[in-house]
2 protein chains.
Amino acid sequence: MYRSHNCGELRLDHVNTQVTLAGWVQRVRNKGGLIWVDLRDRYGLTQLIFEEGSTAKELLDKAGSLGREFVIQAKGTVIERTSKNDKIPTGSIEVKVVELEVLNPAKLPPFLIEDETDGGDDLRMKYRYLDLRRNVIRQKLQLRHRMMQETRKYMDAAQFIEVETPVLIKSTPEGARDFVVPSRVNPGEFYALPQSPQTFKQLLMVSGFDRYFQIVKCFRDEDLRADRQPEFTQIDCEMSFVTQEDVLSMFEGLTRHLFKEVKGVELEEVGRMTFADAMRFYGNDKPDLRFDMRFVELNDLAKGKGFGIFDQAELVVGICAKGAAEYTRKQLDALTEWVKRPQIGAKGMVYVKYNTDGSLKSTVDKFYGQEDLTAWAEAFGAEPGDLMLILSGDTKVVRKQLSELRLKMGEDLGLRDRMVFKPLWVVDFPLLEWDEETERYHAMHHPFTSPKQEDIPLLDSNPGEVRANAYDLVINGVEIGGGSIRIHDRATQQLMFKHLGFSDEEAQKQFGFLMEAFEYGAPPHGGIAFGFDRLCAIFGGSDSIRDYIAFPKNNSGRDVMIDSPSTIADEQLQELSIQLALKK
Amino acid sequence: MYRSHNCGELRLDHVNTQVTLAGWVQRVRNKGGLIWVDLRDRYGLTQLIFEEGSTAKELLDKAGSLGREFVIQAKGTVIERTSKNDKIPTGSIEVKVVELEVLNPAKLPPFLIEDETDGGDDLRMKYRYLDLRRNVIRQKLQLRHRMMQETRKYMDAAQFIEVETPVLIKSTPEGARDFVVPSRVNPGEFYALPQSPQTFKQLLMVSGFDRYFQIVKCFRDEDLRADRQPEFTQIDCEMSFVTQEDVLSMFEGLTRHLFKEVKGVELEEVGRMTFADAMRFYGNDKPDLRFDMRFVELNDLAKGKGFGIFDQAELVVGICAKGAAEYTRKQLDALTEWVKRPQIGAKGMVYVKYNTDGSLKSTVDKFYGQEDLTAWAEAFGAEPGDLMLILSGDTKVVRKQLSELRLKMGEDLGLRDRMVFKPLWVVDFPLLEWDEETERYHAMHHPFTSPKQEDIPLLDSNPGEVRANAYDLVINGVEIGGGSIRIHDRATQQLMFKHLGFSDEEAQKQFGFLMEAFEYGAPPHGGIAFGFDRLCAIFGGSDSIRDYIAFPKNNSGRDVMIDSPSTIADEQLQELSIQLALKK
């Protein structure tokens with residue numbers, strides 16, 4: 001037994017108790033014949049005290065020589081502190097030490113093990129095990145732990161069965177790029193790591209499992225962006241004999257359960273919005289509803305008044321920023337420059353200030369009189385003090401630009417509070433989207449998503465208009481989860497593959513097992529997958545998922561701590577019947 | 001809403017209720033103007049009834065045309081059965097159907113979806129989704145689900161944090177063969193899939209996580225045997241500031257919790273046995289203690305009496321099978337043949353019958369008189385009616401052979417009841433074992449296991465004698481879990497690598513990050529990993545893990561259902577900077 005108590009549990013009740021503690025030296029203070037050592041573990045901090053005169057000289061020396069992050073064991077008696085620290089739960093007591101053992105000394109860490117550290121990103125990645133020692137990081141992983149436990153509690157209570165699906169599966173050409181694993185026993189053949197357990201969970205429904213879930217690692221060999229990892233975690237779920245409404249209700253329940261149990265937040269009812277409305281009103285299929293600032297389309301009011309830019313645009317559309325009429329000319333110029341940056345790409349921006357004196361002042365006064373601008377203001381529902389920002393161009397492009405501008409304005413005006421949570425179901429996604437590069441339709445969700453029954457006739461005439469039984473859960477403008485009601489009969493699945501440009505032969509080769517399974521009594525079914533890393537980040541009030549992953553990889557897919565990936569031995573390559581083919 | 005109730009929940013209380021059920025047609029019976037359909041789902045079986053006269057003709061025809069495994073939806077009224085079936089919970093009622101919809105028809109399955117099926121192994125693997133539809137298989141996965149939930153409940157309550165460690169890690173030459181994953185972004189470099197999260201969990205201890213666990217997939221590219229899978233699941237755990245006793249006590253608690261909650265069994269206290277005793281008394285480091293039949297060594301009594309085989313043997317050792325003196329000559333000859341099979345490899349077997357009349361009869365009466373045999377019987381603690389079986393040879397070899405014989409006798413005498421559970425901690429394993437092939441010592445557990453402090457001086461003089469702080473949990477002769485107290489300082493870890501034949505440079509290249517971590521304040525720590533698939537099989541009373549895995553691979557590592565592994569496209573190989581190197 002290395003300890004009788006942990007470093008977070010001693011209280012006044014324990015005074016006069018003999019205790020043994022073990023942990024890390026947070027700091028040592030030495031003053032007027034007294035030495036205090038703050039001893040830290042995961043559970044808290046306890047103050048040790050050594051006093052000249054009443055402590056043996058040898059012990060005093062030992063205490064004085066302790067360094068930061070030494071691992072020690074201390075035996076002693078709990079005493080009441082003369083000056084209490086009400087900032088920590090153990091602040092009323094300290095431990096007067098009679099025995100001290102250094103269990104392991106420590107070199108000086110390359111950065112401070114404090115909430116505010118002086119280590120840069122790269123250094124902290126290399127010494128991730130030290131970064132994880134900081135309370136702020138460990139708490140994020142403790143949040144993740146709690147999220148996992150509460151997720152399983154909810155799913156188990158709702159009779160979902162947790163089933164582990166295989167990690168070594170089969171490479172398919174659909175979707176993102178697969179990571180592959182050469183098979184030694186089957187030379188020339190490869191497994192693939194799953195991008196999701198999609199086909200397996202559908203097979204479990206064919207098997208009659210009725211309700212399945214799993215918290216599962218998935219893999220995508222994509223070029224990494226700031227907030228993407230090659231391996232990531234999903235809460236993966238599937239249900240049989242359900243309509244879309246059943247699925248939404250079940251997982252709204254999960255979301256509500258997590259917010260309540262993990263954050264103590266009573267989440268509001270989750271609204272519904274069609275994909276079409278989301279695009280029209282927010283220019284985005286994952287609108288941040290912590291603030292409104294809806295798009296208002298001005299084609300009827302703004303065209304035909306001689307302003308060529310608007311006249312030639314497919315869409316004139318704007319937002320109204322409440323109380324932002326006080327923006328200075330300089331701020332407005334900066335905003336205009338911002339929308340013109342290549343990342344946004346607008347050609348320009350029109351704004352109208354609704355001054356507090358009731359007058360309207362725009363950048364296009366030459367073309368629009370007060371009467372015109374008043375009509376605009378009415379359309380925006382603007383009031384004196386508000387600022388209207390208007391962009392124009394091709395519908396798809398301008399909506400995207402205005403969406404960015406809306407988010408920036410929300411940020412600038414302090415409307416995106418991290419501790420406010422606005423969930424939304426976005427429904428009725430298109431089934432297919434046109435891909436310019438390959439010149440064919442791709443499945444917007446995946447090829448197993450069912451089209452809305454009433455839209456099936458459009459598959460031949462106007463495929464882009466076909467709506468799917470697909471839905472996303474969005475919180476604060478972040479896509480947290482997505483799913484669909486699946487196709488569950490062979491004929492529809494074949495039709496789908498045909499429209500995705502698969503030959504019958506290809507479809508059979510890749511997904512024959514699934515289509516065959518549909519012929520043996522497949523129930524109607526549907527499901528959802530939540531991005532677990534992102535869900536944790538949202539709960540933690542963070543934009544980045546990286547801190548919510550114990551050992552993340554950097555943007556080149558490297559684990560710089562263990563130095564992976566790395567070269568392997570020639571014998572390994574030979575055994576796997578592969579060789580390197582490096583470009584010169 | 002496809003159903004108002006599931007197929008397992010209707011009772012007499014529901015009589016006269018209008019219900020909607022959905023599920024699979026288990027069977028259709030048609031007799032005297034009545035049609036009964038057994039409707040099945042995961043939750044149970046409910047009888048539907050259609051009656052000529054009171055049911056519309058069209059509906060009757062539809063019911064009559066239903067085939068096995070059709071997926072249907074039926075609306076109707078719950079009525080009391082005239083002839084009740086007390087074998088199923090819904091046996092008091094049936095549903096008089098007024099509406100019937102075929103949600104999906106089914107082809108005739110290639111084997112019976114019944115507890116006793118007519119499908120062979122290969123067929124059931126190919127149509128695993130249909131095999132999973134059988135109650136007996138699904139119940140095994142439901143057991144697994146329950147084991148997972150209860151494991152997490154126990155670990156969470158004991159303040160263990162569940163942390164997901166990475167799947168894409170680094171290949172190391174130690175241990176079994178790695179599966180590797182070529183990196184596209186880092187040409188010529190590879191990730192490896194983890195054989196266990198060993199180094200990561202140790203780093204989490206260095207990080208101060210104090211208690212970690214995970215139910216995690218691990219991977220070994222080994223030649224497959226009947227009960228091995230390339231991907232398997234572990235309950236992986238690690239604790240800081242613990243001695244071996246703390247770890248044993250914590251995981252004895254987990255084992256006890258699982259038995260109680262999942263099986264309703266109060267497990268007996270888990271005994272301890274040293275590796276040396278296990279080998280001496282049972283010839284095996286995982287003795288099956290459901291029966292005793294301990295080895296008795298006879299060197300003192302059996303040597304020097306002129307029987308050359310015993311005289312020349314290093315060890316003469318036997319077991320006493322209670323009540324087996326009634327074995328016939330034919331049975332004993334068969335037993336002798338059995339031990340002489342190449343898999344066992346004994347040269348012969350001596351037996352002594354202790355007849356019920358008190359006389360002793362052996363196969364070596366020429367060399368041993370009644371007095372000798374009486375002394376033997378005393379050593380065995382034998383009584384009239386017992387049978388003593390004796391082997392001889394080199395210690396290591398003969399113990400192994402006698403262990404096999406002991407297990408066979410236990411089996412034959414019905415002493416290995418699958419519903420009796422005898423747990424045991426085997427402790428004090430050797431640190432190193434000599435490998436004839438590579439002519440060097442290997443770590444018996446793994447290179448991170450600590451030697452017993454008092455044995456460290458032996459490392460140079462007699463490495464094979466050094467004992468480790470390593471332990472295995474054995475239940476009914478099956479190794480369920482194993483672990484150790486780890487090395488937590490750089491010097492000892494380096495010493496260990498040296499004894500394993502690593503050069504300093506190799507050790508640094510492969511495990512430098514871990515040894516460096518030990519220099520920044522590593523606490524004493526230790527842990528354990530349970531083979532989860534095997535644990536589930538033991539709980540289910542089965543020898544084979546395969547049925548406890550939803551989608552297992554066959555003995556060539558193939559998933560015959562999805563046909564994986566498979567070839568991949570040339571473009572994929574190019575992107576990964578590798579090419580095939582198939583042997584002609």
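Residues numbered from 1 in each chain as written. Chains lettered and ligands numbered in written order. Predicted model: local features only at pLDDT ≥ 70, side-chain atom pairs only at ≥ 80, totals over all residues. Heavy atoms only, no water.

Novice: Please give an account of the overall build of chain A that cites residues and values.
Specialist: The number of helices and strands found in chain A is 17 helices and 23 strands. Projected onto its principal axes, the C-alpha positions of chain A cover 95 × 75 × 55 Å. Looking at chain A as a whole, 58% of its 584 residues qualify as buried. By sequence separation, contacts in chain A at least 24 residues apart represent 66% of the contacts at least 6 residues apart. Working note: accessible area of chain A is about 24,300 Å², and carbon and sulfur atoms make up 47% of it. (Helix = DSSP H or I, 4+ residues; strand = E, 2+ residues; numbered from the N terminus. Buried < 20%, exposed > 50% of the residue type's maximum accessible area, 1.4 Å probe, protein only. Contact = heavy atoms within 4.5 Å. Areas by Shrake-Rupley, 256 points an atom, 1.4 Å probe, with all protein chains shown as cover.)

Novice: Provide a residue-level description of the packing of helix H4 (residues 135-157) of chain B against helix H16 (residues 532-540) of chain B, including the pertinent values.
Specialist: Residue and element names in this part refer to chain B. The geometry of H4 relative to H16 is characterised by a closest axis approach of 10 Å and an angle of 115 degrees between their N-to-C directions. The interaxial crossing formed by H4 with H16 has right-handed handedness. Seen from H4, the contacting residues are Leu143, Arg144, Met147 and Met148; seen from H16, they are Phe532, Asp533, Leu535, Cys536, Phe539 and Gly540. Looking at side-chain class alone, the contact of H4 with H16 contains seven nonpolar, one polar and two charged residues. (Axes fitted to C-alpha atoms, helices over the stretch in contact; angles between N-to-C directions. Left-handed = near helix turned anticlockwise from the far one by under 90°. Nonpolar A, V, L, I, M, F, W, Y, C, P; charged D, E, K, R; others polar.)

Novice: Tell me about the pairing of strand E18 (residues 432-435) of chain A, and name the residues and values.
Specialist: Residues and elements named next belong to chain A. Here four bridges tie E18 to strand E19 (residues 440-443), and the two strands are oriented antiparallel to one another. Its bridge partner lying in E19, tryptophan 434 is registered against tyrosine 441. From the end of E18 to the start of E19, which pair antiparallel, there are four residues, and glutamate 439 there has a positive phi angle of about 55 degrees. (Pairing = 2+ DSSP bridges.)

Novice: If you had to explain the side chain of A:Arg134 to someone new, which residues and values would you point to?
Specialist: Residues and elements named next belong to chain A. Counting through the fold element by element, arginine 134 comes out in the loop between helix H3 (128-131) and helix H4 (135-157). By relative accessible area, arginine 134 is classed as buried at 5%. Sequence-distant contacts of arginine 134, defined by excluding residues within four places in its chain, comprise Leu112, Ile113, Glu114, Asp115, Glu116, Thr117 and Arg124.

Novice: So what about empty space enclosed by the protein? Which residues, and what values?
Specialist: Going through the model one piece at a time under the given rule, you end up with 11 cavities of 30 Å³ or more. Size it by volume and the largest cavity reaches roughly 350 Å³. Lining of the largest cavity is provided by 23 residues; of these, A:Ile215, A:Lys217, B:Ile215, B:Val216 and B:Lys217 occupy positions nearest its centre. For the lining of the largest cavity, the elements supplying multiple residues, two or more each, are H4 and strand E9 (211-219) of chain A together with H4 and strand E9 (211-219) of chain B. Taken together, the residues that form the lining of the largest cavity break down as 10 nonpolar, five polar and eight charged. Volume-wise, the second largest cavity comes out at about 150 Å³. Surrounding the second largest cavity, 19 residues form its lining, A:Glu164, B:Lys217, B:Ile549, B:Ala550 and B:Phe551 being those nearest its centre. Of all the elements in the fold, those that place two or more residues in the lining of the second largest cavity are H4 and strand E10 (231-240) of chain B. The dominant element in the lining of the second largest cavity, judged by the number of residues it contributes, is E10(B), at three residues. (1 Å grid on protein atoms, 1.4 Å probe; cavity = no way out; pocket = protein on both sides within 12 Å on 5 of 7 lines; lining within 4 Å. Points joined across faces, edges and corners; volume = space filled by probe spheres on them.)

Novice: A description of the sheet that holds strand E5 (residues 93-104) of chain B should follow, citing residues and the corresponding values.
Specialist: With mixed pairing, the five strands of this closed barrel are ordered in space as E1-E2-E3-E5-E4 (chain B). In this sheet, neighbouring strand axes are inclined to one another by 55 degrees on average, regardless of whether the strands run parallel or antiparallel.

Novice: An account of the environment of B:Ala377 is requested, with residue identities and associated values reported.
Specialist: Residue and element names in this part refer to chain B. Checked against the element boundaries, alanine 377 lands in helix H11 (residues 370-380). Note on alanine 377: relative accessible area 3%, which makes it buried. A sequence separation of 25 residues divides alanine 377 from valine 352, and the C-alpha atoms of the two residues are 8.6 Å apart. For alanine 377, the residues in contact, after removing those within four places along its chain, are Tyr354, Leu360, Ala382 and Met388.

Novice: An account of the interface of chain B and chain A is requested, with residue identities and associated values reported.
Specialist: Where interface size is quoted, it is often the accessible area lost as the parts come together. Taken together, the 126 residues of chain B in the interface contact 126 residues of chain A. Here chain B packs against chain A, burying approximately 11,300 Å² in sum over the two surfaces, 56% of which is carbon and sulfur. When the shortest N-O distance is used, the salt bridge between B:Arg144 and A:Glu164 registers 2.7 Å. Viewed at the interface, chain A and chain B are joined by 79 residue pairs in polar contact (both at pLDDT 80 or more). A total of 10 residues in the side of chain B that touches chain A trace back to one element, the largest contributor, which is H4(B). (Buried area = accessible area lost by both parts, 1.4 Å probe. Salt bridge = Lys/Arg side-chain N within 4 Å of Asp/Glu carboxyl O. Polar contact = N/O pair within 3.5 Å; in protein donor to acceptor, adjacent residues only side chain to side chain.)

Novice: Now, about helix H10 (residues 329-340) of chain B: what can you tell me, with residues and values included?
Specialist: Count 3.6 residues to each turn of an α-helix, and residues three or four apart come out pointing the same way. All names here are of chain B. Between its first and last C-alpha atoms H10 spans 17 Å; for 12 residues at 1.5 Å apiece the expected length is 16 Å, and the two agree. Turning to H10, its buried residues number three or more, namely Leu332, Leu335, Thr336, Trp338 and Val339. Axial view of H10: buried residues confined to an arc of 155 degrees, hence all on one face. Of the exposed residues in H10, the ones pointing more than 90 degrees away from its buried face are Arg329 and Lys330. In the core, the buried residues of H10 are packed alongside strand E14 (350-354), strand E16 (387-393) and helix H12 (395-412). (Expected span 1.5 Å × (residues − 1). Arc of directions from axis to C-beta.)

Novice: Which residues make up the domain arrangement of chain A, and what are the values?
Specialist: Structurally, chain A comprises domain 1 (12-104), domain 2 (139-273 + 424-548) and domain 3 (291-416). Taking only C-alpha atoms into account, the centre of domain 1 of chain A sits 52 Å from that of domain 2 of chain A. (Domains from an automatic or database assignment.)

Novice: Mind laying out the relation of the copies chain B and chain A, listing which residues take part and the relevant values?
Specialist: For the pair chain B and chain A, the superposition axis carries a translation of 0.0 Å, the fit reaches an RMSD of 0.1 Å, and the rotation angle comes to 180 degrees. In the structure described here, the two chain copies are related by an operation that fits a two-fold rotation axis. Both copies present the same face, since 100% of the interface residues in chain B are matched by interface residues at the equivalent positions in chain A. (Least-squares fit on C-alpha atoms with pLDDT ≥ 70 in both.)

Novice: Run through the sheet that holds strand E15 (residues 360-362) of chain B, naming residues and quoting values.
Specialist: Residues and elements named next belong to chain B. Within the open sheet, the five strands sit side by side as E12-E13-E16-E14-E15. Their pairing is antiparallel. Strands at the two margins of the open sheet, each flanked by one partner only, are strand E12 (296-297) and E15. Where E14 and E15 come together, three bridges link them in antiparallel fashion. Each bridged residue has a counterpart across the sheet, and for lysine 353 the counterpart in E15 is lysine 361. Here H11 sits on the sheet in contact with E12, strand E13 (315-321), E14, E15 and E16, set at roughly 100 degrees to E15.

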